[in-house]
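Each chain, written out:
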Amino acid sequence: MFDKEKRKRSDDETFMRIALDQAEKALEKGEFPVGCVIVQEGRVMSRGGRTGTVLNTGRRNLISEVDHAEILALRQLETCPVPVVPAKCVLYSTMEPCLMCFGAILLSGIQTIVYAFEDPMGGGSACDLSSLPILYKNSGIQIKKGVCRRKSLDLFFKFLIKRTINTGRTVCWNSMYGTRGNGWRLNKYCFL
């Protein structure tokens, strides 16, 4: 039993590192650093990195609120050359999925979500499914959090620091504090 748990933890870290690579690529482009991979029976089936958070004069004058890493990875599953069985898939995300993404994951039939760190401002996975319609209530979703948490938080803070330098605006977070065991949680942040 111990070996199986150890192997599962190792697999989770391996696939989360692939999601972290997607987040790093997003960060390199100036995007919010969130990455996602969807794995079926040990094989990466799709991946996505957050897009649409960079404003480009003449090309994009509005931040996209739908081009989230999880949504892009789910869309990529549609063109996967290998048959996808959602119930056998695990979705790895570097940040807790928002309510929109969480709903899409539930509807997709994916049974397991693994994420790196919680999103105290917009995370959707703490939603009380029992109070929702039957389509969501009976999803049977399993959620595991905290895998490669520190690395994901480091990317998030790099983004905040980079945004401060590039915009000349001060970024404040109020504040980092320990919570739920050993670790840190972002309470609140803002751009001034």
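In the block above lies the structure referred to throughout.
Small disclaimer: the values here were computed from a predicted structure and weren't measured.

(A) Here's a closer look at the overall build of the protein. Across its full length, the protein carries five helices and nine strands. Counting all 192 residues of the protein, 42% fall into the buried class. Within the protein, contacts between residues at least 6 apart in sequence are counted, and of these 60% link residues at least 24 apart. Just so you have it, the protein exposes about 10,700 Å², and 54% of that area is on carbon and sulfur atoms.

(B) Region of the structure containing the side chain of Ser93. With respect to the helices and strands, the residue Ser93 is situated in strand 3 (residues 89-95). Among the polar contacts listed, one links the side chain of Ser93 to the side chain of Glu70, at a separation of 2.8 Å. Sequence-distant contacts of Ser93, that is, excluding residues within four places in its chain, are made with Met16, Val34, Gly35, Cys36, Glu70, Val114, Tyr115 and Ala116.

(C) Quick peek at the packing of aromatic side chains. Per the counting criterion, the structure on display carries five aromatic pairs. Between Phe32 and Phe156 the ring centres are 5.6 Å apart and the planes differ by 75°, which places this aromatic pair in the edge-to-face class. Placement of the pair is Phe32 in the loop between helix 1 (2-28) and strand 1 (35-40) and Phe156 in helix 5 (residues 149-167), with a sequence separation of 124 residues. With relative accessibility at 14%, the residue Phe32 sits in the buried group. Centroid distance Phe156 to Phe157: 5.7 Å. Interplanar angle 65°. Geometry classified as edge-to-face. Its relative accessible area of 2% is what places Phe156 among the buried residues. Pairwise contacts between aromatic rings join Phe32, Phe117, Phe156, Phe157 and Phe159 into one cluster.

(D) Structural detail: the packing of helix 2 (residues 69-77) against helix 3 (residues 99-108). Following both chains from N to C, one finds helix 2 and helix 3 inclined at 25°, their axes separated by 9 Å at the closest point. By the angle between their directions, the pair helix 2 and helix 3 is classed as roughly parallel. Taken as a pair, helix 2 and helix 3 cross one another with a handedness that is left-handed. Where helix 2 approaches helix 3, its residues Glu70, Ile71 and Leu74 are matched on the opposing element by Met100, Cys101, Ala104, Ile105 and Ser108. Of the residues in the contact of helix 2 with helix 3, the class split is six nonpolar, one polar and one charged.

(E) Just helix 3, in detail. Turning to helix 3, its buried residues are Cys101, Phe102, Gly103, Ile105 and Leu106. Where helix 3 is buried, its residues touch helix 2, strand 3, strand 4 (112-117), helix 4 (134-137) and strand 5 (142-145). Directly beyond the C-terminal end of helix 3, a positive phi value near 95° is found at Gly109.

(F) Representation of the environment of Gly122. With respect to the element layout, Gly122 can be found in the loop between strand 4 and helix 4. With 22 residues separating them in the primary sequence, Gly122 and Met100 have C-alpha atoms 9.7 Å apart.

Procedures and definitions
Residues numbered from 1 in each chain as written. Predicted model: local features only at pLDDT ≥ 70, side-chain atom pairs only at ≥ 80, totals over all residues. Heavy atoms only, no water. Helix = DSSP H or I, 4+ residues; strand = E, 2+ residues; numbered from the N terminus. Buried < 20%, exposed > 50% of the residue type's maximum accessible area, 1.4 Å probe, protein only. Contact = heavy atoms within 4.5 Å. Areas by Shrake-Rupley, 256 points an atom, 1.4 Å probe, with all protein chains shown as cover. Polar contact = N/O pair within 3.5 Å; in protein donor to acceptor, adjacent residues only side chain to side chain. Phe/Tyr/Trp six-rings, centres within 6.5 Å; stacked < 30°, edge-to-face > 60°. Axes fitted to C-alpha atoms, helices over the stretch in contact; angles between N-to-C directions. Parallel < 35°, antiparallel > 145°, perpendicular 65-115°, else oblique. Left-handed = near helix turned anticlockwise from the far one by under 90°. Nonpolar A, V, L, I, M, F, W, Y, C, P; charged D, E, K, R; others polar.

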